[in-house]
Protein chains: 2
Amino acid sequence: MHGRHGRGQAQGGRGQGPGSGRADHMLEPALLCSLLGGATHGYGLVEHLAEFGLAAVPLRRVYRALSGLEAMGWVTSDWDSAQTQGPPRRVYTLTGEGKAALEEWMVYLRESRGAISRLLDAYERRRA
Amino acid sequence: MHGRHGRGQAQGGRGQGPGSGRADHMLEPALLCSLLGGATHGYGLVEHLAEFGLAAVPLRRVYRALSGLEAMGWVTSDWDSAQTQGPPRRVYTLTGEGKAALEEWMVYLRESRGAISRLLDAYERRRA
DNA sequence: TCCACTATAGTCTCTTTGTCAATAGTCACT
DNA sequence: AGTGACTATTGACAAAGAGACTATAGTGGA
């Protein structure tokens, strides 16, 4: 019963080519970084993610990531009192530990970027 | 029976912090890129991976990645005749399709690097 | 009342990954 | 010849992660 609720929530497409399915390990740091700008709820964060090139992330994954972050103690959540356009929202707030974790993530991302650059360079070198 | 054979093969450490366990989606392109330099076997490729900052990749994952690449038609394998220091080696060779796939991977990696940079920039902006 | 939109969450299943271990050939030392 | 270290590949099972579908539920407009 019911037509379709919510949104499409992204399509699969299995294989193993570049960017096949698995988005990245960037979702968690992107969420933490967004929360640096103030507490927000999951649904609102999704649109915010486009800024980082994470436009196609399924809502379900965002919610799951957020509960993961909460389990790590990096964010806390409260149901908001003044709900605005629908059912109650779970609003997430960055903790002090979350800020520290975010900084570690940034170190890791800088390393990842360096590794990617090394690989790109090696490719250019070998292709010639 | 038996003490320990093979090597340690990396340690776990589950959690979900930065770089927790899961290395990256860089293994496949790194292997293909290595094979640009000539055919090699899995065990030999492992040491070669350090060049790209993929030093800690478990052997098992490398072998699995290689059979995946073969299933995609990006590499072919043969057992070598003149084995040198142990049991027969399965030697992998890059195919034409593999070269094309590698180029697509490079496009994807450049995009990933861009996304990481955007996130790093956003972080610096917000921290201030 | 019905439908669309906002908002979060449960669950089933398939795939991927981690881990342990089996198999097996070569080489150096004793 | 036997032992152990190193080279080399693979099987099998369990745990984790991600996708897809569905359930629930409040608000607001036609």
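Data block above holds the structure.
Cut-offs applied
Residues numbered from 1 in each chain as written. Chains lettered and ligands numbered in written order. Predicted model: local features only at pLDDT ≥ 70, side-chain atom pairs only at ≥ 80, totals over all residues. Heavy atoms only, no water. Phe/Tyr/Trp six-rings, centres within 6.5 Å; stacked < 30°, edge-to-face > 60°. Helix = DSSP H or I, 4+ residues; strand = E, 2+ residues; numbered from the N terminus. Buried < 20%, exposed > 50% of the residue type's maximum accessible area, 1.4 Å probe, protein only. Pairing = 2+ DSSP bridges. Contact = heavy atoms within 4.5 Å. Axes fitted to C-alpha atoms, helices over the stretch in contact; angles between N-to-C directions. Least-squares fit on C-alpha atoms with pLDDT ≥ 70 in both. Core = buried A, V, L, I, M, F, W, Y, C linked by side-chain atoms within 4.5 Å. Salt bridge = Lys/Arg side-chain N within 4 Å of Asp/Glu carboxyl O. Parallel < 35°, antiparallel > 145°, perpendicular 65-115°, else oblique. Left-handed = near helix turned anticlockwise from the far one by under 90°. Buried area = accessible area lost by both parts, 1.4 Å probe. Polar contact = N/O pair within 3.5 Å; in protein donor to acceptor, adjacent residues only side chain to side chain.

A. Structural context of the packing of aromatic side chains. All names here are of chain A. Counted according to the given criterion, the structure contains two aromatic pairs over all chains. Seen from their ring centres, W105 and Y108 are 5.7 Å apart, and the 75° between their planes marks the pair as edge-to-face. Residue W105 and its partner Y108 are both found in helix α4 (residues 96–127); the two are separated by three residues, about one turn of the helix. Classification of Y108 as buried rests on a relative accessible area of 12%.

B. Focus on the sheet that holds strand β3 (residues 90–94) of chain A. Residue and element names in this part refer to chain A. Pairing is antiparallel in the open sheet, where three strands are placed in the order β1-β3-β2. Both edges of this open sheet fall to β1 (40–41) and β2 (75–79), since each of them pairs with a single strand only. Pairing of β2 with β3, which is carried by five bridges, proceeds in the antiparallel orientation. For S77, the partnering residue across the bridge sits in β3 and is Y92. Packed on one face of the sheet, helix α3 (residues 59–71) meets β2 and β3 and runs near 115° to β2.

C. Representation of the relation of the copies chain B and chain A in the model. The operation relating chain B to chain A is a screw motion whose rotation component is 179°, with 0.0 Å of axial translation and a residual RMSD of 0.2 Å. These values place the two chain copies in the arrangement generated by a two-fold rotation axis. Taking C-alpha positions as the reference, the residue of chain B nearest the rotation axis is B:R113, at 2.9 Å. The overlap is high: 100% of the interface residues of chain B also sit at the interface in chain A, so the same surface is used on both sides.

D. Broad picture of the nonpolar core. Membership of the largest hydrophobic core comes to 68 residues, with the highest contact counts inside it found for A:L31 and B:L31. Leaving out residues up to four positions away in the same chain, B:L31 has contacts with B:L45, B:L49, B:V62, B:A65, B:L66 and B:L69.

E. Broad picture of the pattern of salt bridges. Following the criterion strictly, the structure yields seven salt bridges over all chains and no others. In this structure, the salt-bridge partner of B:E124 is A:R110, at a minimum N-O distance of 3.9 Å. One end of the pair, B:E124, is in helix α4 (residues 96–127); the other, A:R110, is in helix α4, on a second chain. Note on A:R110: relative accessible area 40%, which makes it partly exposed. Across the pair B:R127 and B:E124 runs a salt bridge whose closest N-O atoms are separated by 2.8 Å. Separated by three residues within a single helix, B:R127 and B:E124 lie in helix α4, roughly one turn from each other. When salt bridges that share partners are traced, they join A:E51, B:R125 and B:R126 into one network.

F. Broad picture of the packing of α4(A) against helix α1 (residues 27–36) of chain B. Contact geometry for α4(A) and α1(B): axes closest at 10 Å, N-to-C directions at 25°. Here α4(A) lies roughly parallel to α1(B), going by the angle between them. Taken as a pair, α4(A) and α1(B) cross one another with a handedness that is left-handed. Of α1(B), the residues touching α4(A) (which contributes A:L119, A:A122, A:Y123 and A:R126) are B:P29, B:A30, B:C33, B:S34 and B:L36.

G. Quick peek at the interface of chain B and chain A. Each side of the interface is counted separately: chain B has 43 residues, and chain A has 45 residues. Counting each side, the surface lost to burial between chain B and chain A is near 4,000 Å², with a carbon and sulfur contribution of 69%. Our enumeration of links across chain B and chain A arrives at five salt bridges. A salt bridge links A:R125 to B:E51; the shortest N-O distance between them is 4.0 Å.

H. Structural view of the environment of B:E51. Its location among the elements puts B:E51 in the loop between α2 (42–48) and α3 (59–71). Linking B:E51 and B:A30, residues 21 residues apart in sequence, is a C-alpha distance of 9.4 Å. When residues no more than four places from it in sequence are discounted, the contact partners of B:E51 are A:R118, A:A122, A:R125 and A:R126. A distance of 3.1 Å separates polar atoms of two side chains, one belonging to B:E51 and the other to A:R126.

I. Expanded view of the sheet that holds strand β1 (residues 40–41) of chain B. Residues and elements named next belong to chain B. On the basis of which strands lie adjacent, the open sheet formed by three strands has the order β1-β3-β2 and antiparallel pairing. Strands with a single pairing partner mark the edges of an open sheet, and in this sheet they are β1 and β2 (75–79). One ladder, built from two bridges, connects β1 with strand β3 (residues 90–94); its direction is antiparallel. By the bridge assignment for β3, H41 is matched with V91. The strands touched by α1 are β1, β2 and β3; relative to β3, the strand with the most contacts, the crossing angle is about 85°. Packing against the sheet, α3 makes contact with β2 and β3, and its axis sits at approximately 115° to β2.

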